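# Reading the structure
What follows is the residue order along each chain.
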Amino acid sequence: PLLWLGVTKIDRFISMSDMKYDAITAAGIEVVTRVDIPDELIPADAKVEIDAKVYAGYFSGTKKVKTWDELNNTVGRAYQ
């Protein structure tokens, strides 16, 4: 669909998904810069998911990949 719309280059690609990135670049679309999601834009209850994705190999940009022990200490939103 992107090629059909005439997209040949993406200047700032904002996604952690390597599957999306790989599909876009395999289609011949140039990605100039990959941008990670800033920490201040990640809701507290989403940090567990983001940490798990980064640990599993998703694009992390400047984010530190946590160790297994650090990952086990990640806490999400309190259950009410």
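Description of the structure in this document. (Residues numbered from 1 in each chain as written. Predicted model: local features only at pLDDT ≥ 70, side-chain atom pairs only at ≥ 80, totals over all residues. Heavy atoms only, no water.)

A separate point is the overall build of the chain. In terms of regular secondary structure, the chain is built from 3 helices and 2 strands. Sequence-ordered secondary structure for the chain, helices as α and strands as β, is β-α-β-α-α. For the chain, the C-alpha radius of gyration of 15 Å lies well beyond 12 Å, the compact-globule estimate for 80 residues. If you line up the chain on its principal axes, its C-alpha atoms span 45 × 25 × 20 Å. Classification of the 80 residues of the chain by burial places 26% in the buried group. Across the chain, contacts joining residues at least 24 apart in sequence account for 33% of those joining residues at least 6 apart. With an accessible surface of roughly 6000 Å², the chain has 58% of that area assigned to carbon and sulfur atoms. With 10 positive and 12 negative side-chain charges, the chain shows a spacing of 3 Å between the two charge centroids. (Helix = DSSP H or I, 4+ residues; strand = E, 2+ residues; numbered from the N terminus. Rg over C-alpha atoms; globule rule 2.2 N^0.38 Å. Buried < 20%, exposed > 50% of the residue type's maximum accessible area, 1.4 Å probe, protein only. Contact = heavy atoms within 4.5 Å. Areas by Shrake-Rupley, 256 points an atom, 1.4 Å probe, with all protein chains shown as cover. Lys, Arg positive; Asp, Glu negative; His and termini not counted. Charge placed at Lys NZ, Arg CZ, Asp CG, Glu CD.)

According to the stated counting rule, one finds 2 aromatic pairs in the structure shown. Centroid distance Phe 13 to Tyr 21: 6.2 Å. Interplanar angle 50°. Geometry classified as tilted. Ring centres of Tyr 55 and Trp 68 lie 5.7 Å apart, and the angle between their planes is 50°; this geometry places the pair in the tilted category. In this pair, Tyr 55 sits in helix H2 (residues 47-55) while Trp 68 sits in helix H3 (residues 68-72), placing the two residues 13 residues apart along the sequence. For Tyr 55, a relative accessible area of 38% translates into the label partly exposed. It is Arg 34 that lies over the ring of Tyr 21; its NZ or CZ is 4.2 Å from the centre. (Phe/Tyr/Trp six-rings, centres within 6.5 Å; stacked < 30°, edge-to-face > 60°. Lys NZ or Arg CZ within 6 Å of the ring centre and 35° of its normal.)

Within the fold, Asp 39 resides in the loop between strand E2 (30-35) and H2. Through-space distance from the C-alpha of Asp 39 to that of Asp 51 is 11 Å; in sequence the pair is 12 residues apart. Other than its neighbours up to four places away in sequence, Asp 39 contacts Lys 47 and Lys 63.

In this section: a nonpolar patch on the surface. Together, Leu 2, Trp 4 and Leu 5 make up an exposed nonpolar region whose accessible area comes to about 400 Å². When you line up the elements, Leu 2 lands in the segment before strand E1 (9-14). In this structure Leu 2 comes out as partly exposed when scored by relative accessible area, which is 34%. (Patch = residues over 30% accessible without salt bridge, like charges linked within 9 Å, V, L, I, M, F, W, Y side chains within 5 Å. Salt bridge = Lys/Arg side-chain N within 4 Å of Asp/Glu carboxyl O.)

Attention shifts here to the pattern of salt bridges. Scanning all chains against the criterion turns up 4 salt bridges. When the shortest N-O distance is used, the salt bridge between Asp 11 and Lys 9 registers 3.8 Å. Looking at Asp 11, the relative accessible area reads 47%, which means it is partly exposed. Judged by relative accessible area, which is 45%, Lys 9 ranks as partly exposed. Between Lys 66 and Asp 51 there is a salt bridge whose closest N-O contact spans 2.8 Å. Of the two residues, Lys 66 is situated in the loop between H2 and H3 and Asp 51 in helix H2; the sequence distance between them amounts to 15 residues.

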